[in-house]
Amino acid sequence: MVDFKLCLALTIFLIIIAELLASGDGIPTTLEGPFQPVTHRFDSRFRRGSDDLPMDHTRLRRNVTSFFPEQISLAISSPTSMWVSWVTGNSLRGESQIGSNVTPLDPSTVASEVWYGKRSRKCFSIKTGFSTVYSQLYPFVGLLNYTSGIIHHVKLDGLEPGRKYYYRCGDSSLPAMSREYFFETLPLPGPKRYPHRIAVVGDLGLTRNTTTTIDHLIRNDPSMILMVGDLSYANQYRTTGGNGAPCFSCAFPDAPIRETYQPRWDGWGRFMEPLISRVPMMVIEGNHEIEPQVAGMTFESYLTRFAVPSEESGSHSNFYYSFDAGGVHFIMLGAYVDYNHTGAQYAWLKKDLDQVDRSVTPWLVAAWHPPWYNSYSSHYQEFECMRQEMEALLYDYSVDIVFSGHVHAYERMNRVYNYTLDPCGPVYITVGDGGNIEKVDVDHADDPGKCPSAQDNIPEFGGLCHLNFSFGPAKGKFCWDQQPEWSAFRESSFGHGILEVVNSTYALWTWHRNQDIYKEKSRGDQIYIVRQPHMCPTASKMVA
């Protein structure tokens, strides 16, 4: 009986693939891989980067007063709950402050309420939450301190899956409520239920290229967003400089600390509000969120501004967490906190993976900021230590796809494990091409004269584990002499990606280049990622 069921499942699988290949759309599948490496070099008709948007730009400036909400955003809490977050000022001191002497606002002066319901202009349910503030302080003369507006977080629970909800947020006693917004909840976990489209983007910043990326992403109508780190680039916009710098250390070699202009975070929240007030965005920290300040404090803006399901997923840390969206289980990992196999994050990850039931959530997708597999000179082998600590665990549990950023270009890998082509390895995809001020990366480690030295690309957290390859065409070398066999496709362009999970077996991945925003049916890269659970053993509970 078991053999019959296995045969039947395999037959159905092969029929699906045969229909897919016969459809005439010409889109390849990972079943046809591994693919011969392809490189599309930077198109010199385009500029490698663009300037930061000024703070008085219409999409960055403040358009509300005192108590009224702004920078409204959503994040998934659970399949039946949603976080709503926003920022306000108060009547005494207005909004955020920047200067030599700043005084934090009192969060208790403005309530945190969300009124919501299933019908427009009939918000009968009310939830309350909590509010807080944070400060960015510097112990150096001449550097300007900052204290935030009041940041509010409210969790709406008991929501129905796949339903549209209308909501307003603010403080009804003042009264200071926002206009009406709406969102749609995602489907419950299940092998036949998936989000409509999942947008994936990283290393955004606030440049003119960023506006193209986000405008293009909005046109593709996602139902949720994965933001794989490096959001506002506030630490590239120096307080005393007053504008962005593609290379901070080059522009300010005598700076006593990597100063960060925190109002850029406020501008970024306003810039993103039209999208993330109706589409939930799930974030993970990048190196530009570290933002060191007085007393060795770090990550204050990231930790305070964004609500993530850390408690819900049992991690109790905003640096790493997990969540479900239909039949996909997402794992968001932190590269800038302890990732050693003896640490808390690794223990949590092992427990989380143990609890995944692949008959309910067949797809297992992971994301973190710096890529493990990367053939560009920039950040080459930078987080090799993290790979050595965690890769085997993800492989044992048959992670399907891994998304990262950090490198400001696009790259998709063949299925790979431990630098070896492996049909059971994840598909690693780098999408750090959101458009930030540091410009697009164009050099490859296998280009003549572009191989970094073993002392380059020092990580901002963790150890240095650079290695020479011990096998394959690059044996004995630090860099390949040609595009590595595990690198299937790479291109130096800005853009974003869309993942469309079709069923428990295959998903369509499309990378959209910024230059194609007005071209119908134009794709930078597209492939069906196909799961093969019958071939690849897994430590997960069950296999769909």
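Keep in mind that what you see is a predicted model, and the values were worked out from it rather than measured. (Residues numbered from 1 in each chain as written. Predicted model: local features only at pLDDT ≥ 70, side-chain atom pairs only at ≥ 80, totals over all residues. Heavy atoms only, no water.)

Re the sheet that holds strand β8 (residues 135-136)
Step number 1: Read across the open sheet, the three strands follow the order β4-β9-β8; overall the sheet is antiparallel. The sheet is open, and its two edges are formed by β4 (97-99) and β8, each paired on a single side.
Step number 2: Relative to strand β9 (residues 145-147), β8 runs antiparallel, the two sharing two bridges. The residue of β9 that forms the bridge with Ser135 is Thr147. (Pairing = 2+ DSSP bridges. Helix = DSSP H or I, 4+ residues; strand = E, 2+ residues; numbered from the N terminus.)

Some thoughts on the pattern of salt bridges
Step number 1: Using the criterion set out here, one finds 27 salt bridges in the structure.
Step number 2: Arg238 is the salt-bridge partner of Glu259, the closest N and O atoms lying 3.4 Å from each other. Of this pair, Glu259 sits in the loop between α3 (248-251) and α4 (263-276) while Arg238 sits in the loop between β15 (224-227) and α3, placing them 21 residues apart in sequence. Here Glu259 and Arg238 have matching classes, each one buried.
Step number 3: Put simply, Arg513 and Glu491 hold a salt bridge, and the shortest N to O gap is 2.9 Å. Here Arg513 is found in strand β27 (residues 506-513), whereas its partner Glu491 is found in strand β25 (residues 487-491), with 22 residues between them in sequence.
Step number 4: Overall, the relative accessible area of 19% leaves Arg513 in the buried class.
Step number 5: Bridged by salt links that share partners, the residues Arg62, Glu70, Glu95 and Arg270 form one connected network. (Salt bridge = Lys/Arg side-chain N within 4 Å of Asp/Glu carboxyl O. Buried < 20%, exposed > 50% of the residue type's maximum accessible area, 1.4 Å probe, protein only.)

Describing unusual backbone geometry
Leave glycine aside and you will find that most residues have negative phi; peptide bonds, for their part, are mostly trans.
Step number 1: The omega torsion across Gly33 and Pro34 is 0 degrees, close enough to zero to call that bond cis.
Step number 2: Tracing the backbone through its elements, the reader meets Pro34 in the loop between α1 (2-22) and β1 (38-40).
Step number 3: Pro175 follows Leu174 through a cis peptide bond whose omega is -10 degrees.
Step number 4: In this fold, Pro175 is placed in the loop between β11 (164-171) and β12 (176-177).
Step number 5: Positive phi values are uncommon outside glycine, yet Tyr233 reaches one of about 55 degrees.
Step number 6: Secondary-structure assignment places Tyr233 in the loop between β15 and α3.

Brief notes about the sheet that holds strand β20 (residues 401-404)
Step number 1: Read from one edge of the open sheet, eight strands run β1-β25-β21-β24-β20-β19-β18-β17, paired in mixed fashion. Each end of this open sheet is capped by a strand with a single partner; those strands are β1 and β17 (321-325). Strand after strand, the sheet turns through a mean of 15 degrees between neighbouring axes, direction not considered.
Step number 2: Bridge analysis of strand β21 (residues 410-413) against strand β24 (residues 427-431) gives three bridges, and the strand direction is antiparallel. When the bridges of β24 are listed, Glu411 appears paired with Thr430. (Axes fitted to C-alpha atoms, helices over the stretch in contact; angles between N-to-C directions.)

Topic: helix α6 (residues 344-355)
Step number 1: Taking 1.5 Å per residue as the helical rise, α6 with its 12 residues ought to reach 16 Å, and the 17 Å between its terminal C-alpha atoms agrees with that figure.
Step number 2: Buried-residue contacts for α6 involve β17, β18 (328-332), β19 (363-367) and α7 (384-396). (Expected span 1.5 Å × (residues − 1). Contact = heavy atoms within 4.5 Å.)

Comments concerning the side chain of Thr147
Step number 1: Secondary-structure assignment places Thr147 in strand β9.
Step number 2: Reaching out from Thr147, the side chain makes a polar contact with the backbone oxygen of Tyr134 at a distance of 3.5 Å.
Step number 3: Separated by 3.1 Å, the side chains of Thr147 and Ser135 make a polar contact.
Step number 4: The contacts of Thr147, once residues within four sequence positions are left out, are Ser96, Gln97, Val102, Thr103, Pro104, Tyr134 and Ser135. (Polar contact = N/O pair within 3.5 Å; in protein donor to acceptor, adjacent residues only side chain to side chain.)

Considerations on the environment of Lys164
Step number 1: By the secondary structure assignment, Lys164 is in strand β11.
Step number 2: Residues Lys164 and Gly117, spaced 47 residues apart in sequence, show a C-alpha to C-alpha distance of 8.7 Å.

Brief notes about the packing of α6 against α7
Step number 1: Put simply, α6 and α7 touch, their axes get as near as 11 Å, and they point 5 degrees apart. Classified by the interaxial angle, the pair formed by α6 and α7 is roughly parallel. The segment α6 lies against α7, with Gln345, Tyr346, Leu349, Lys350 and Leu353 engaging Glu389, Met390, Leu393 and Leu394. (Parallel < 35°, antiparallel > 145°, perpendicular 65-115°, else oblique.)

Looking at the packing of aromatic side chains
Step number 1: A full pass over the atoms with the stated rule returns 35 aromatic pairs.
Step number 2: For the ring pair Phe299 and Tyr302, a centre distance of 6.5 Å and an interplane angle of 70 degrees mean the geometry is edge-to-face.
Step number 3: For the ring pair Tyr395 and Tyr417, a centre distance of 4.0 Å and an interplane angle of 15 degrees mean the geometry is stacked. Placement of the pair is Tyr395 in helix α7 and Tyr417 in strand β22 (residues 416-417), with a sequence separation of 22 residues.
Step number 4: A residue is classified by how much of its surface remains accessible, and Tyr395, at 21% relative accessible area, is partly exposed.
Step number 5: Among the aromatic residues, those joined into a ring-pair cluster are Trp368, Trp372, Tyr373, Tyr419, Tyr428, Phe469, Trp480 and Trp486.
Step number 6: Arg179 extends its terminal NZ or CZ atom over the ring of Tyr181, reaching a point 4.2 Å from the ring centre.
Step number 7: Positioned above the aromatic ring of Phe35 is the side chain of Arg412, whose terminal nitrogen or guanidinium carbon lies 6.0 Å from the ring centre. (Phe/Tyr/Trp six-rings, centres within 6.5 Å; stacked < 30°, edge-to-face > 60°. Lys NZ or Arg CZ within 6 Å of the ring centre and 35° of its normal.)

Notes on α7
Step number 1: For α7, with 13 residues, the first-to-last C-alpha span of 19 Å sits near the 18 Å given by 1.5 Å per residue.
Step number 2: At Met390, α7 shows its largest kink, close to 45 degrees.
Step number 3: Of the surrounding elements, those touching the buried residues of α7 are α6, β22 and β24.
Step number 4: Following α7 by one or two positions, Ser398 adopts a phi angle in the positive range, close to 55 degrees. (Bend = angle between axes of the 7 residues up to and from the residue.)

Comments concerning the side chain of Asn514
Step number 1: Relative to the elements of secondary structure, Asn514 occurs in the loop between β27 and β28 (525-530).
Step number 2: Note on Asn514: relative accessible area 8%, which makes it buried.
Step number 3: A polar contact of 3.4 Å, which involves the side chain of Asn514, links it to the backbone oxygen of Asn209.
Step number 4: Contacts of Asn514, omitting those with residues within four sequence positions, involve Asn209, Thr212, Thr213, His216, Phe494 and Gly495.

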